[in-house]
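# Report on the structure
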Amino acid sequence: MIYLDNAATTAVFKEVLDSLEDYYKSYFANPSSIHKHGQKVRHVIERSRYDISQILKVNEEEVFFTSCATESNNTIIFGLADLYPEKNHIVVSPIEHKSVLNPLKKLSSKGYKIDFIKVDKDGVIDIDHLKSLISEKTLIVIVMHGNNETGVVQDIRSIGKLCKEKDVLFFSDIVQSFLKEDIDTDYVDFLSVSGHKINAPKGIGLMFKRKDLPLSPLIYGGGQEKGLRSGTENPQLILALADSAKIWKEKRGEFVSKLKSLRDYFEDRLRQEIEDISIVSGRTKRLPHISNIIFPKLDAQSLVMGLDSYDVCVSSGSACSSGTPAPSHVLSALGYSEKEALSSVRFSFGVDIDYNQIEQVIEMIKNIYRELSFFF
Ligand code: PLP
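In this text, all values refer to a predicted model and were calculated from it rather than measured experimentally. (Residues numbered from 1 in each chain as written. Predicted model: local features only at pLDDT ≥ 70, side-chain atom pairs only at ≥ 80, totals over all residues. Heavy atoms only, no water.)

## Details of the overall build of the protein chain
What counts here: Helix and strand labels come from DSSP, where a helix needs a run of H or I of at least four residues and a strand needs a run of E of at least two; each type is numbered from the N terminus. With the radius of gyration taken over C-alpha atoms, the globule rule is written as 2.2 Å times the number of residues to the power 0.38. For every residue, the accessible area obtained with a 1.4 Å probe (protein chains only) is divided by the maximum for its type, and the residue is called buried under 20%, exposed over 50%, and partly exposed between those limits. A 1.4 Å probe and the Shrake-Rupley method give the accessible areas. Residues count as covered only by the protein chains that appear here. Charge counting follows a simple rule: Lys and Arg are positive, Asp and Glu are negative, and His as well as the terminal groups are ignored. To locate a charge, take NZ of a lysine, CZ of an arginine, CG of an aspartate or CD of a glutamate.
Assigned secondary structure in the protein chain consists of eleven helices and 15 strands. For 376 residues, the compact-globule estimate of 2.2 N^0.38 gives 21 Å, and the C-alpha radius of gyration of the protein chain, at 21 Å, lies within 12% of that figure. Considering the protein chain as a whole, with its 376 residues, one finds that 57% of them fall into the buried category. Carbon and sulfur atoms form 52% of the exposed surface of the protein chain, whose accessible area is close to 16100 Å². Within the protein chain, one finds 47 positive and 52 negative side-chain charges whose respective centroids are separated by 3 Å.

## Observations regarding the packing of aromatic side chains
Here is the rule we go by: Centre distance within 6.5 Å is the pairing criterion for rings of Phe, Tyr and Trp, where only the six-membered ring of Trp is used; planes under 30 degrees apart are then read as stacked, over 60 as edge-to-face, and the remainder as tilted. Only when the NZ of Lys or the CZ of Arg is both within 6 Å of the ring centre and within 35 degrees of the ring normal is a charge said to sit over the ring.
This model, assessed by the stated rule, comprises eight aromatic pairs. Ring geometry for Phe 295 versus Tyr 369: centroids 6.1 Å apart, planes at 55°, classification tilted. Within this pair, whereas Phe 295 is found in the loop between strand E10 (290-294) and helix H8 (300-309), its partner Tyr 369 is found in helix H11 (residues 355-372), the two being separated by 74 residues in sequence. For Phe 295, a relative accessible area of 0% corresponds to the buried category. Here a set of aromatic residues connected by ring pairs shows up, and it is made of Phe 266, Phe 295, Phe 347, Phe 349 and Tyr 369. The ring of Tyr 336 carries the charged tip of Lys 121 above its face, separated from the ring centre by 3.9 Å. The ring of Trp 248 carries the charged tip of Lys 180 above its face, separated from the ring centre by 5.0 Å.

## Quick notes on the sheet that holds strand E5 (residues 138-142)
For clarity, the threshold we go by: For two strands to be treated as a pair, DSSP must find no fewer than two bridges joining them. Lines fitted to C-alpha atoms define the axes, with helix axes restricted to the stretch in contact, and inter-axis angles between N-to-C directions lie between 0 and 180 degrees. Contacts: residue pairs with any heavy atoms within 4.5 Å of one another.
Spatially, seven strands are ordered E2-E8-E7-E6-E5-E3-E4 in an open sheet, and the strand pairing comes out mixed. Looking at strand neighbours, the two that pair on one side only are strand E2 (63-66) and strand E4 (113-116), the edges of this open sheet. On average, each strand axis in the sheet is tilted by 20° relative to the strand beside it, whichever way the strands run. Here helix H3 (residues 69-83) sits on the sheet and contacts E2, E5, strand E6 (169-173), strand E7 (190-194) and strand E8 (205-209); the angle it forms with E7, its principal contact strand, is near 160°. Here helix H4 (residues 98-109) sits on the sheet and contacts strand E3 (89-92), E4, E5 and E6; the angle it forms with E3, its principal contact strand, is near 155°.

## What about the site of the ligand?
Convention followed: Summary of the distance rule: residues count as near a molecule or strand when at least one heavy atom falls within 4 Å of that molecule or strand. In protein, a polar contact means a hydrogen-donor-capable atom and an acceptor-capable atom, both N or O and within 3.5 Å, with residues adjacent in sequence counting only if both atoms are side-chain atoms; elsewhere, any N or O pair within 3.5 Å suffices.
In the vicinity of the ligand lie 14 residues, with Thr 70, Asp 173, Ser 194, His 196 and Lys 197 positioned nearest. The separation between an oxygen atom of the ligand and a polar side-chain atom of Thr 70 is 2.5 Å. At a separation of 2.5 Å, an oxygen atom of the ligand approaches a polar side-chain atom of Lys 197. Surface burial for the ligand is 89%, taken as the share of its 390 Å² of free accessible area covered by protein chains.

## Observations regarding the nonpolar core
Rule in force here: Among buried residues, those of type Ala, Val, Leu, Ile, Met, Phe, Trp, Tyr and Cys that are joined through side-chain atoms within 4.5 Å constitute a nonpolar core.
Core analysis: the largest hydrophobic core is formed by 92 residues, its most contacted members being Val 141, Phe 266, Phe 295, Phe 347 and Ile 365. Per element, the largest residue contribution to this core is 14 residues, and it comes from helix H7 (residues 235-273). In contact with Phe 266, not counting residues within four places along its chain, are Ser 291, Ile 293, Phe 347, Phe 349, Ile 358, Val 361, Ile 362 and Ile 365. With 22 residues, the next largest nonpolar core counts Phe 64, Leu 104, Ile 114 and Phe 171 among its residues.

## Regarding the sheet that holds strand E12 (residues 315-316)
The strand order E9-E10-E15-E12 describes an open sheet built from four strands, whose pairing is antiparallel. The open sheet has two edge strands with one neighbour each: strand E9 (278-279) and E12. Packing of H7 onto the sheet brings it into contact with E9, E10 and strand E15 (344-348), and relative to E10 it is tilted by some 15°. On top of the sheet, H8 reaches E12 and E15; it is set at about 40° to E15, its chief contact.

## As for helix H2 (residues 36-56)
We count it as follows: For a helix, the expected span equals 1.5 Å multiplied by the residue count minus one.
With 21 residues, H2 should reach 30 Å at 1.5 Å per residue; the first-to-last C-alpha distance of 30 Å fits that figure. Along H2, the residues classified as buried are Gly 38, Val 41, Arg 42, Val 44, Ile 45, Ser 48, Arg 49, Asp 51, Ile 52, Ser 53, Ile 55 and Leu 56. On its buried face, H2 is in contact with E2, E7, E8 and H7. Looking at the residues trailing H2, positive phi occurs at Lys 57, about 60°.

Any functional reading would require information that these geometric values do not contain.
Here's what the structure looks like:
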């Protein structure tokens, strides 16, 4: 298998996997129990929280564990809406993940006004437009840091600064950029992170909430995570998340430069071999691991399936419901036509890939292209 779908999920680091069995044996007690075994588990959870807070350069009391970034995003959006019902306006980029857009759709069905910020052809948001949208009714501004489909990176410092000037809250989903880009937390109020994008297992995420900012919980119960996320903590996954984050932090320079070189090599080779391709968000700052290519003479699903027959994993941005592929909302927001959006394939690299594998994939794409472009 050649796995080029790391923006969808990553393989768990071997070191992390190896530790898990011991974590299940050593830390099975309930961290809310007051006996010493429970307190031992409480201690490792709090140590993990501290480790992650150091990586994020925030206060440890500002980190809350959840089951995934989808839960973090829902908690932040619905938690604020619950607290401030008089503020029924939200400003958001149109290229957010569905775990942000669908909660907003729900709020819109309840009468909220949702305004989308203009983006340019590369997906960079128009900050002047954002400024013009903010009003005294605005509950929150939501702009993700790195996009999961194209990799475009937004200037969250400038956006956050503007929000502070306008006295409005700012939330950024950093699921794809965490540990791959510097995260400037100076002006953000909320962040969301997912474990399985940084080589930890699925089922663990977190949110950052600036100290002293109130938020209603999504889940009520025993009051864990300072009442913000009830439900017995999952110590093994919390430890695994902290371990993966620490590995990434330690090797970040090496990892990021490898990802960038792999991506650049792939794109250069592809340009040499296949004419007319275009690289989405290719003229702006991008995450190191994502390359979104439009193959004008192909439909993306056929290329994805063709590569799958060679045991190569990639993704198309299009969502397939009831057998008909729908163009990605991200590419549509960037102004690509339906045909272009349905011809886009996302290659997302991991640190375990080598140049030889990239060459193999280029050869396969050439073969598939030769066969399929004829029919398109
Ligand atoms: N936000 C972004 C940008 C993502 O890429 C993803 C997952 O693809 C999510 C949120 C949701 O993460 P999770 O799978 O942890 O719910």
